[in-house]
Amino acid sequence: MECQNLLVEKYGGVALVTVNRPQVLNALRSSVIGELLELFEHLSWDDTVKVIVLTGSGDKAFVAGADIAEMAGFTAQQALTFARTGQKLVSFIGTMDKPVIAAVNGYALGGGMELALACDFIYASETAKMGLPEVTLGIMPGFGGSQKFARLRGRNRANELIFTGRILTAAEAKEWGIVNAVFPSGELIARTLETAGKIAGNGLLGVTYAKHVIKRGLDMDEENGMGYEAVLFASLFATADQHEGMNAFLEKRKPVFSGS
Ligand code: COA
């Protein structure tokens, strides 16, 4: 598919998606959000893609937020549509069957941090800076940040981050439990692709079901979550990947998974 503001490269079963508007630090115009939605939907159907890595163009920013130049002219009604569109994107990423990893290579602010939070986990460069500074513009998070951050790190940290508009360094984001690992800038993409490649080499249905049960299980009580886990666990025994994975172990060879 044709994208004006996104780059897509493939490394084996991994698709590297780059938001490419470096002149405005990859800020999200509504047209970029539309392209991201369309691209992620397209990648969902692409059987050659097993894992997606999302990053920003240049060495300064992942995504420095929603596009303030565009938002400045919004009516309240247009702002509502904009928020709903951004939320559609973050929800879509969160419920995709394929894992999505954010490689935060610089500023991830406002909508940029919300986009990173929508991913399954986040790696960051030492130069990354993350925050939800919308109140400094007289608004508040609108792409799920207030909900996702509070669920991820708790109400008190969400309150502090959002009320102050404070920007966290990469080390602080790691300490706050937002990013899983911090790498030197020059290594971020290679290290993220390495992890993505490892995931892509595993049984995709097992990864997918685990993603769903971890996410949905958090909204259930533990007993229901365990019931859901047991059913998904059992259903994997009807797949070719379970036969291949276990036979390969017993035959002392590397498994070759088909994703079926
Ligand atoms: N929307 C639109 N344009 C943006 C943008 C955004 N969110 N963030 C950066 N830009 C543009 C700047 O306007 C500037 O454009 P110009 O060269 O035409 O003036 C360009 O990107 C470079 O940004 P600049 O501010 O000059 O870089 P900096 O290194 O001095 O500062 C930031 C970097 C990220 C601290 C600063 O750009 C910033 O605060 N951006 C807004 C962050 C924000 O509030 N995001 C949440 C939005 S809801």
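Here the structure is shown first, and the text comes after it.
About the criteria used
Residues numbered from 1 in each chain as written. Predicted model: local features only at pLDDT ≥ 70, side-chain atom pairs only at ≥ 80, totals over all residues. Heavy atoms only, no water. Phe/Tyr/Trp six-rings, centres within 6.5 Å; stacked < 30°, edge-to-face > 60°. Helix = DSSP H or I, 4+ residues; strand = E, 2+ residues; numbered from the N terminus. Buried < 20%, exposed > 50% of the residue type's maximum accessible area, 1.4 Å probe, protein only. Lys NZ or Arg CZ within 6 Å of the ring centre and 35° of its normal. Contact = heavy atoms within 4.5 Å. Salt bridge = Lys/Arg side-chain N within 4 Å of Asp/Glu carboxyl O. Core = buried A, V, L, I, M, F, W, Y, C linked by side-chain atoms within 4.5 Å. Axes fitted to C-alpha atoms, helices over the stretch in contact; angles between N-to-C directions. Parallel < 35°, antiparallel > 145°, perpendicular 65-115°, else oblique. Left-handed = near helix turned anticlockwise from the far one by under 90°. Pairing = 2+ DSSP bridges. Polar contact = N/O pair within 3.5 Å; in protein donor to acceptor, adjacent residues only side chain to side chain.

**Student:** Describe the packing of aromatic side chains, listing the residues and the values that go with them.
**Tutor:** Tallied over the full model, the rule gives six aromatic pairs. Ring plane angle 80° and centroid distance 5.2 Å describe the contact between Tyr 123 and Phe 183, whose orientation is recorded as edge-to-face. With a gap of 60 residues between them, Tyr 123 in strand β7 (residues 121–125) and Phe 183 in strand β10 (residues 181–183) connect regions that are remote in the sequence. Since its relative accessible area comes to 9%, Phe 183 is described here as buried. One aromatic cluster in this structure is built from Phe 74, Phe 82 and Phe 143. Over the ring of Trp 176 we find Arg 157, and its NZ or CZ is 4.5 Å from the ring centre.

**Student:** An account of the side chain of Glu 70 is needed here, citing residue identities and associated values.
**Tutor:** Counting through the fold element by element, Glu 70 comes out in helix α2 (residues 68–71). Its relative accessible area of 15% is what places Glu 70 among the buried residues. If sequence neighbours within four positions are ignored, Glu 70 has contacts with Leu 28, Arg 29, Ser 30 and Phe 82.

**Student:** How would you sum up the pattern of salt bridges? Please name residues and give values.
**Tutor:** Counted by the stated rule, this structure contains nine salt bridges. One salt bridge connects Arg 21 with Asp 67, and the closest N-O pair in it is separated by 3.0 Å. One end of the pair, Arg 21, is in the loop between β2 (14–19) and α1 (30–45); the other, Asp 67, is in the loop between β4 (61–63) and α2, with 46 residues separating them in the sequence. When the shortest N-O distance is used, the salt bridge between Arg 166 and Glu 160 registers 2.8 Å.

**Student:** Describe the nonpolar core, listing the residues and the values that go with them.
**Tutor:** Residues Leu 36, Val 104, Met 130 and Ile 178 are the most contacted members of the largest nonpolar core, which totals 50 residues. Looking at which element gives the most residues to this core, the answer is α1, with seven residues. Grouped together as the second largest cluster of nonpolar side chains are 16 residues, Val 53, Phe 121, Ile 199 and Ala 200 included.

**Student:** Explain the packing of helix α5 (residues 145–153) against helix α6 (residues 155–164) to me, and be specific about the residues and the numbers.
**Tutor:** Where α5 meets α6, the closest approach of the two axes is 7 Å, and the angle between their N-to-C directions is 135°. Relative to α6, α5 is oriented oblique. As α5 packs across α6, the resulting crossing turns out to be right-handed. Of the residues in α6, those in contact with Gly 145, Ser 146, Phe 149, Ala 150 and Arg 153 of α5 are Arg 155, Arg 157, Ala 158, Leu 161 and Ile 162.

**Student:** Run through the pairing of strand β5 (residues 100–104), naming residues and quoting values.
**Tutor:** Within β5, five of the five residues are buried, leaving the element largely enclosed by the surrounding structure. The alternating pattern of β5 places Val 100, Ala 102 and Val 104 on one face and Ile 101 and Ala 103 on the opposite face, and all of these are buried. As paired strands, β5 and β7 are joined by four bridges and run parallel to one another. Its bridge partner lying in β7, Ala 102 is registered against Ile 122.

**Student:** Tell me about the environment of Val 213, and please be specific about residues and values.
**Tutor:** Summarising the element assignment, Val 213 is placed in helix α9 (residues 204–217). Between the alpha carbons of Val 213 and Ala 230 there is a distance of 9.9 Å; along the sequence they are 17 residues apart.

**Student:** With reference to specific residues and values, describe the side chain of Asn 26.
**Tutor:** Within the secondary structure, Asn 26 is located in the loop between β2 and α1. Only 3.0 Å separates the side chain of Asn 26 from the backbone oxygen of Ala 61, close enough to count as a polar contact. With sequence-adjacent residues up to four places away left out, Asn 26 is seen in contact with Val 19, Asn 20, Arg 21, Gly 56, Ser 57, Ala 61, Phe 62 and Val 63.

**Student:** Break down the sheet that holds β5 for me, citing the residues and quoting the values.
**Tutor:** The mixed open sheet is built from six strands, whose spatial order is β1-β2-β3-β5-β7-β10. The open sheet has two edge strands, β1 (6–11) and β10, and neither has a second partner. Averaged over neighbouring strand pairs, the angle between their axes works out to 25° when direction is ignored. As judged from the six bridges shared by β1 and β2, these two strands associate in the antiparallel manner. By the bridge assignment for β2, Val 8 is matched with Val 17.

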